[in-house]
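Residues per chain are reported as follows:
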Amino acid sequence: MIQITFSNGEILTPTKIVCIGLNYTAHIAEMGSKRSHTPVIFLKPNSALHPILTPIPIPHNAGVVHHEVELAVCIGKTASHVSESDVFDHIAGYGLALDLTLRDMQKKAKETGQPWAIAKGFDHSCPVSSFVLKEEVGDVNNLDLKLEVNGSLRQQGNTAQMIFKLPELVAYISRFYTLEEGDILLTGTPAGVGPIQSGDIIHASISGVASINTTIA
Ligand code: MG
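Rules and cut-offs
Residues numbered from 1 in each chain as written. Predicted model: local features only at pLDDT ≥ 70, side-chain atom pairs only at ≥ 80, totals over all residues. Heavy atoms only, no water. Helix = DSSP H or I, 4+ residues; strand = E, 2+ residues; numbered from the N terminus. Rg over C-alpha atoms; globule rule 2.2 N^0.38 Å. Buried < 20%, exposed > 50% of the residue type's maximum accessible area, 1.4 Å probe, protein only. Contact = heavy atoms within 4.5 Å. Areas by Shrake-Rupley, 256 points an atom, 1.4 Å probe, with all protein chains shown as cover. Pairing = 2+ DSSP bridges. Axes fitted to C-alpha atoms, helices over the stretch in contact; angles between N-to-C directions. Donors = N, O, S within 2.8 Å, 3.2 Å for Na, K, Ca; no water. Phe/Tyr/Trp six-rings, centres within 6.5 Å; stacked < 30°, edge-to-face > 60°. Salt bridge = Lys/Arg side-chain N within 4 Å of Asp/Glu carboxyl O.

Participant: Requested: an account of the overall build of the chain, with residues and values cited.
Facilitator: Along the backbone of the chain there are four helices and 17 strands. Over its C-alpha atoms the chain spans a radius of gyration of 16 Å, differing by no more than 12% from the 17 Å that the globule rule assigns to 217 residues. Considering only C-alpha atoms, the chain reaches an extent of 45 × 35 × 30 Å along its principal axes. The buried share of the chain, taken over its 217 residues, is 53%. For the chain, contacts bridging at least 24 residues in sequence account for 75% of all contacts bridging at least 6. On the chain, roughly 9,300 Å² of surface is accessible, and the fraction owed to carbon and sulfur atoms is 52%.

What follows is the structure, given as structure tokens:
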């Protein structure tokens with residue numbers, strides 16, 4: 001289990017990782033999925049956390065692994081049944097995460113109505129950067145996201161394209177899950193997801209939040 005480190009040296013320990021799926025229209029289209037009227041929520045276990053700058057191990061012989069670059073949010077204060085207008089009081093800061101996905105396994109799970117627990121929650125499936133305090137980030141609804149594999153641009157988007165914005169997401173999740181200090185939310189990925197394999201070099205960035213280079217082990 002890893003901890004969340006902040007630009008000011010603060011360290012927080014998450015109790016859970018809550019992920020939002022299908023939150024960018026173009027990604028819904030590339031998945032051949034339908035837009036949901038409520039946020040699509042799933043969890044990753046804490047054992048999925050991985051320091052993003054350390055080469056990232058991925059499963060072998062379990063089908064294709066896809067990259068998904070996402071804005072990660074770290075909760076700073078317990079949130080239960082919060083109103084949208086109070087959400088930012090409960091946020092500590094922001095980081096960059098990869099929502100690594102066993103895509104073949106997820107596709108099979110969708111087809112058979114089974115959960116995505118392994119497809120989305122395997123070891124190291126949630127590499128995270130260090131985090132910056134919310135005060136250091138400008139408009140969180142206008143951040144550019146980008147991911148390159150071996151120098152080729154794969155994903156490019158902006159948080160303005162999120163269907164459910166942060167206040168709505170946190171308020172919604174907090175109706176069902178009490179969010180604790182240190183908990184991590186992944187807010188969905190823009191279009192351009194694709195396969196990664198051992199030896200790939202990844203560059204990913206979110207404007208004003210993180211810019212990282214790493215490799216797939
Ligand atoms: Mg995702």
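Participant: I'd like a rundown of the sheet that holds strand β17 (residues 210-215), residues and numbers included.
Facilitator: The sheet built from four strands is open, its strands ordered β13-β12-β16-β17 with antiparallel pairing. Each edge of the sheet is formed by a strand with only one pairing partner; in this case those strands are β13 (152-158) and β17. On average, each strand axis in the sheet is tilted by 10° relative to the strand beside it, whichever way the strands run. For strand β12 (residues 144-149) and strand β16 (residues 201-206), the ladder comprises five bridges, and the chain directions are antiparallel. If you follow Glu 148 over to β16, its bridge partner there is His 203.

Participant: Any details on the coordination of the magnesium ion? Residues and values, ideally.
Facilitator: Around the magnesium ion, the donor atoms from the protein are Glu 68 (OE), Glu 70 (OE) and Asp 99 (OD), and they sit 1.9 to 2.1 Å away. Donor residues binding the magnesium ion come from one chain and are separated in sequence as E-x1-E-x28-D. In this structure, Glu 68 and Glu 70 share a single accessibility class: buried.

Participant: I'd like a rundown of the packing of aromatic side chains, residues and numbers included.
Facilitator: The final tally for this structure, using the stated rule, is three aromatic pairs. Their ring planes at 50° and their centres at 5.8 Å tell us that Phe 6 and Phe 131 sit as a pair that is tilted. Taken together, the positions of Phe 6 in the loop between β1 (4-5) and β2 (11-12) and Phe 131 in the loop between β10 (126-128) and β11 (132-133) put the pair 125 residues apart, joining distant regions of the chain. For the pair Phe 6 and Phe 131, a shared accessibility class is recorded, and that class is buried.

Participant: Would you mind going over the environment of Pro 55 in detail, with residue names and values included?
Facilitator: For Pro 55, the position within the fold is in the loop between β5 (49-51) and β6 (65-67). In this structure Pro 55 comes out as partly exposed when scored by relative accessible area, which is 42%. When the C-alpha positions of Pro 55 and Glu 168 are compared, they lie 34 Å apart, and in sequence the two are 113 residues distant. Non-local contacts of Pro 55, meaning those with residues more than four positions away in its chain, are made with His 50, Thr 214, Thr 215 and Ala 217.

Participant: Give a description of the pattern of salt bridges that names residues and reports values.
Facilitator: According to the stated counting rule, one finds seven salt bridges in the structure shown. The residue Lys 120 makes a salt bridge to Glu 68 at a minimum N-O spacing of 3.3 Å. Of this pair, Lys 120 sits in helix α3 (residues 117-121) while Glu 68 sits in the loop between β6 and β7 (69-75), placing them 52 residues apart in sequence. Residues Lys 120 and Glu 68 agree in their burial class; the two are buried. Taking the shortest distance from any N to any O, the salt bridge between Glu 148 and Lys 146 comes out at 3.6 Å. Overall, the relative accessible area of 26% leaves Lys 146 in the partly exposed class. One connected set of salt bridges, linked through shared partners, spans Lys 44, Glu 68, Asp 99, Arg 103 and Lys 120.

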